[in-house]
Amino acid sequence: MCPIWQVGPCWMASHRLKLNQQKTEFLWIGSWNTLSKLPNGGPQLVLESCTVPVSGEARCLGVIIEPDLSMKRHVQTVSRACFYQLRQLKSIRHSVDSETASTLVHAFVTSRLDYCNSLLAGCPKVVTDVLQKVQNAAARLLTGSSRRQHGIQQIMHQKLHWLNITDRIRFKLCLIVYKSLHGLSPRYLSELVTPVAGSEYRHRLRSATHGDLVIPEARLTTYGHRSFSYAGAKAWNALPNHLKDHSLTLDAFKRGLKTHFLSSYL
């Protein structure tokens, strides 16, 4: 019998919450070693008179979260949906021009690849490679390349001006950091980025004049290095100094950022 973790009705009322048992999901998040120590998957959750069992995964804003935060299930779901759309688009590719085909691919495929992709920061290559295969297939569809043809990524960079999946993740991270530094993001994100120039003990460092951010210490490399405060600061500090100029507008920053990543393929 699993232990019970109870939350009383007073707590629910004080937080202005009302339980919908059919839409409530509950899971324990931790490392594989920690989760293996929980008996029968961990304690259940009791809210008022309702018992919510422990789930193997939970969906939040379309993103599937697993207890070990591996994101494998989410990536597999995105890959399956994208390949379905690519099969549908392949059947009509000969009937539409290149511009229309590109619009359809962006609407039904690449938009899925980019949705919440910043959560994949720090994921192992075996996870991001699943989405890279989807992007390669989309590039073959638009350029008419066969599966046996080598160098599809080079064609993707030069003809379509697409970034690889890992660089799309870095692009999104840097964009969120830019918005956080310029007051264009929610406060809870802005509080996670700290310029070196604003640090009491580091404002005299050379990195302070370069617009760098403070990279916080991470106790667990498996999860700590994937947090936004760490991964975002690391991606931002790796940018050239001219992109960290505070006077850059949002559009100029995005253009310069994409040019920076594309130039790394040359």
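Our structure's up above, just so we're on the same page.
Residues numbered from 1 in each chain as written. Predicted model: local features only at pLDDT ≥ 70, side-chain atom pairs only at ≥ 80, totals over all residues. Heavy atoms only, no water.

### Quick notes on helix H12 (residues 250-263)
Next, step 1: Across its 14 residues, H12 extends 20 Å between first and last C-alpha, which sits within 8% of the 20 Å expected from 1.5 Å per residue.
Next, step 2: Among all positions of H12, only Phe253, Gly256, Leu257, Phe261 and Leu262 are buried.
Next, step 3: Among the structural elements, helix H6 (152-160), helix H7 (165-181) and helix H11 (228-237) are those in contact with the buried residues of H12. (Helix = DSSP H or I, 4+ residues; strand = E, 2+ residues; numbered from the N terminus. Expected span 1.5 Å × (residues − 1). Buried < 20%, exposed > 50% of the residue type's maximum accessible area, 1.4 Å probe, protein only. Contact = heavy atoms within 4.5 Å.)

### Overview of the pattern of salt bridges
Next, step 1: Summed over the entire model, instances satisfying the criterion amount to six salt bridges.
Next, step 2: Across the pair Arg73 and Glu57 runs a salt bridge whose closest N-O atoms are separated by 3.1 Å. Placement of the pair is Arg73 in helix H3 (residues 72-90) and Glu57 in the loop between strand E3 (50-52) and strand E4 (58-60), with a sequence separation of 16 residues.
Next, step 3: The partly exposed category is assigned to Glu57, whose relative accessible area is 28%. (Salt bridge = Lys/Arg side-chain N within 4 Å of Asp/Glu carboxyl O.)

### What about the packing of helix H5 (residues 125-143) against H7?
Next, step 1: It is at 9 Å that the axes of H5 and H7 come closest, and there the two elements cross at 105°. Between H5 and H7, the interaxial angle falls into the category roughly perpendicular. Along the contact surface, H5 presents Thr128, Leu131, Gln132 and Gln135, while H7 presents Ile165, Thr166, Arg168 and Ile169.
Next, step 2: Considering only residue class, the contact of H5 with H7 consists of three nonpolar, four polar and one charged. (Axes fitted to C-alpha atoms, helices over the stretch in contact; angles between N-to-C directions. Parallel < 35°, antiparallel > 145°, perpendicular 65-115°, else oblique. Nonpolar A, V, L, I, M, F, W, Y, C, P; charged D, E, K, R; others polar.)

### Details of helix H4 (residues 98-114)
In an α-helix, one turn spans 3.6 residues; hence positions three or four apart end up facing the same way.
Next, step 1: Residue His106 marks the point of greatest curvature in H4, where the axis turns by about 45°.
Next, step 2: When we look at burial in H4, the residues that qualify are Ala101, Val105, Val109, Thr110 and Leu113.
Next, step 3: For H4, the secondary structure elements touched by its buried residues are H3, H5 and H7.
Next, step 4: Just past H4, the residue Cys116 takes up positive phi, approximately 55°. (Bend = angle between axes of the 7 residues up to and from the residue.)

### Brief notes about the nonpolar core
Next, step 1: Counting 49 residues, the largest nonpolar core has Val105, Val109, Leu113, Phe253 and Leu257 as its most contacted members.
Next, step 2: When residues no more than four places from it in sequence are discounted, the contact partners of Leu113 are Val78, Cys82, Leu131, Val134, Gln135 and Ile165. (Core = buried A, V, L, I, M, F, W, Y, C linked by side-chain atoms within 4.5 Å.)

### Notes on the environment of Ser185
Next, step 1: Structurally, the position occupied by Ser185 is in the loop between H7 and helix H8 (187-190).
Next, step 2: Taking the relative accessible area as the measure of exposure, Ser185 reaches 16% and is therefore buried.
Next, step 3: Among residues more than four places away in sequence, those in contact with Ser185 are Lys179, Ser180 and Ser190.
Next, step 4: Engagement of the side chain of Ser185 in a polar contact is seen with the side chain of Ser180, the distance being 3.1 Å.
Next, step 5: Here the side chain of Ser185 touches Ser190 through a polar contact of 3.2 Å, side chain to side chain. (Polar contact = N/O pair within 3.5 Å; in protein donor to acceptor, adjacent residues only side chain to side chain.)

### Side note on the packing of aromatic side chains
Next, step 1: Applying the stated criterion across every chain yields a total of three aromatic pairs.
Next, step 2: Between Tyr178 and Phe253 the ring centres are 4.6 Å apart and the planes differ by 15°, which places this aromatic pair in the stacked class. Taken as a pair, Tyr178 in helix H7 and Phe253 in helix H12 lie far apart in primary sequence, 75 residues in all.
Next, step 3: A connected cluster of aromatic rings, assembled from ring pairs, spans Tyr178, Trp236 and Phe253. (Phe/Tyr/Trp six-rings, centres within 6.5 Å; stacked < 30°, edge-to-face > 60°.)

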